[in-house]
Amino acid sequence: MYWEPEYETMGRDELEQLQLERLQSTLHRVYLNVPFYRKKFDELEIDPDDFTSLKDLRKLPFTTKDDLRENYPYGLFAVPLREVVRIHASSGTTGMSTVVGYTKNDIKTWSNLVARILTAGGITKDDVVQIAFGYGLFTGGFGLHYGAERIGASVIPISSGNTRRQVKIMQDFKTTALICTPSYALLIADTIQEMGININSLSLKYGLFGAEPWSEGMRQEIQERLKIMATDNYGLSEVMGPGVAGECLERNGLHINEDHFLVEVVDPNTLEPVAPGGIGELVITTLTKEAFPIVRFRTRDLTRLMPEQCACGRKLMRMSRVMGRTDDMLIIRGVNVFPSQIEAVLFDIEGTEPHYQIIVERKGALDDVTVLVEVSEAIFFDEMKKQSELVGLIGRRLSSELGISVDVKLVEKKTLERFEGKAKRVIDKRNF
Ligand code: DLL
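Undergrad: Could you clarify how one ought to interpret unusual backbone geometry in this entry?
TA: Trans is the prevailing form of peptide bonds, just as negative phi is the prevailing case for residues other than glycine. Residue tyrosine 72 is joined to proline 73 through a cis peptide bond whose omega torsion reads -10 degrees. Along the chain, proline 73 turns up in the loop between helix 4 (65–70) and strand 1 (84–90). Positive phi values are uncommon outside glycine, yet serine 159 reaches one of about 65 degrees. By secondary structure assignment, the location of serine 159 is in the loop between strand 4 (154–156) and helix 7 (163–172). The exposure class of serine 159 is buried, given its relative accessible area of 17%.

And the structure:
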């Protein structure tokens, strides 16, 4: 089932023509209305009228999160505030937030694109959708809310937190679809168990999860424990929020809404395009945004494009699940390590709970990584021998996957922090 079949199954030639036309109008819009872009284009002697091929995209300058911060709060808006009907912001980790705006039309487009993703993930107007993303400046709650309403589903705007109440409402309101971060879905699964509720007595069928990286192992765990089909969806506030890309029920890569977003994958060091299908940093140009168009935004997210045709019939290109952000990459004794690699190994090992934390310290001249892993009570209170066997097994698997040795520590169930929004699993104590 498609939401907008005319676009979701459009042939490549027609799609590229549409992208080119929309790119041309976006470039004109930013050149005319945003001094930041006009200055950059003038410096590089770029005339929006000269754009006659999508290949010309490479001539355009990149935009970064710093550019957004330097133009805080409204400097990159392309319409006067009187035309802006919504403002969102992302706090980021380093202080100054990035602010984005939407016109009435942008909100309409956003709702439609989220509706596409919800439809691809199995949702229809017959569903009761519990939105457990935060509502507020974060785009997750409102973005999914508007998309679900657009479909005509019954929306429960519960927001995140108060997990026991989430479960009670899920039970009483007969929720069929859960929408939140994957780590919150796990916490909800734990809480259902703790409350002694039989999962089969609930009405849950689908889960749409996003806003943070998660592994295939985590998907399997969530699917089994909540007895649902779980799909991944991706987006970022600078570009729109949720609605940029999402999986269909094939659950093998996220279809990108390419008629609204032009994507490139570049080597984060050279900024040159990677070989087709290669892993690199995703760069996005918006094609239809009115209030906050953005040109070649460096997302910092690592992924690869999957140009093969998908069995669902959508022709929109897929991207692989996001492995992590370039700025989340840990460099341990010169080796690049992504938290997601550690998660993938842990989820593959019997006896561990799906909760972990990664601690990075500098001991003397060396970086030292300790992975804390929760284990079931049976194992935690088991004889030392079994525990040390498990520590050995996890250590060996991690070092063969990562190429460096790490310390492993088993901790008792429920000792590590739980997350109602995006998880923070890495504690980096090194001071650079
Ligand atoms: O997280 C938008 C969103 C809300 C997407 C709800 C999906 C669902 P930001 O807070 O601006 O926006 O954070 C964007 O989160 O650059 C990625 O690093 C990460 N991210 C988002 N979705 C995924 C995903 C929202 N499915 C940043 N897999 C992005 C991995 C994701 N990382």
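Now that the structure has been shown, we can carry on.
Undergrad: What exactly am I supposed to notice about the environment of arginine 12 here?
TA: Position of arginine 12 relative to the elements: it lies in helix 2 (residues 12–33). Taking the C-alpha atoms as reference points, arginine 12 and methionine 317, separated by 305 residues in sequence, lie 9.6 Å from one another. Once you skip the residues sitting within four places of it in the chain, arginine 12 turns out to touch Glu258, Lys315 and Met317. At a separation of 3.4 Å, a polar atom in the side chain of arginine 12 contacts the main-chain carbonyl oxygen of lysine 315.

Undergrad: Before we go on, may I ask you to explain the site of the ligand in this structure?
TA: Residues in close proximity to the ligand total 19 residues, the closest being Asp232, Asn233, Ser237, Asp301 and Lys422. Note that a nitrogen atom of the ligand is positioned 3.4 Å from one of the backbone N or O atoms of proline 213. When the free accessible area of the ligand is taken as 620 Å², the share hidden by the protein chains comes to 94%. Among the elements of the structure, helix 6 (139–151) and strand 7 (229–236) are those that each provide at least two residues to the shell around the ligand. When residues in the shell around the ligand are grouped by element, the largest group, 5 residues, is from strand 7. By residue class, the composition of the shell around the ligand is 8 nonpolar, 6 polar and 5 charged.

Undergrad: I'm lost on the pairing of strand 11 (residues 280–286) in this one. Help?
TA: Looking down a regular strand, the side chains alternate between one sheet face and the other. Within strand 11, 7 of the 7 residues are buried, which leaves the element mostly enclosed by the surrounding structure. In this sheet, strand 11 lies alongside strand 10 (residues 261–266) in antiparallel orientation, the contact comprising 6 bridges. For leucine 262, the partnering residue across the bridge sits in strand 11 and is threonine 285.

Definitions and cut-offs
- Residues numbered from 1 in each chain as written.
- Predicted model: local features only at pLDDT ≥ 70, side-chain atom pairs only at ≥ 80, totals over all residues.
- Heavy atoms only, no water.
- Helix = DSSP H or I, 4+ residues; strand = E, 2+ residues; numbered from the N terminus.
- Buried < 20%, exposed > 50% of the residue type's maximum accessible area, 1.4 Å probe, protein only.
- Contact = heavy atoms within 4.5 Å.
- Polar contact = N/O pair within 3.5 Å; in protein donor to acceptor, adjacent residues only side chain to side chain.
- Near = heavy atom within 4 Å.
- Areas by Shrake-Rupley, 256 points an atom, 1.4 Å probe, with all protein chains shown as cover.
- Nonpolar A, V, L, I, M, F, W, Y, C, P; charged D, E, K, R; others polar.
- Pairing = 2+ DSSP bridges.

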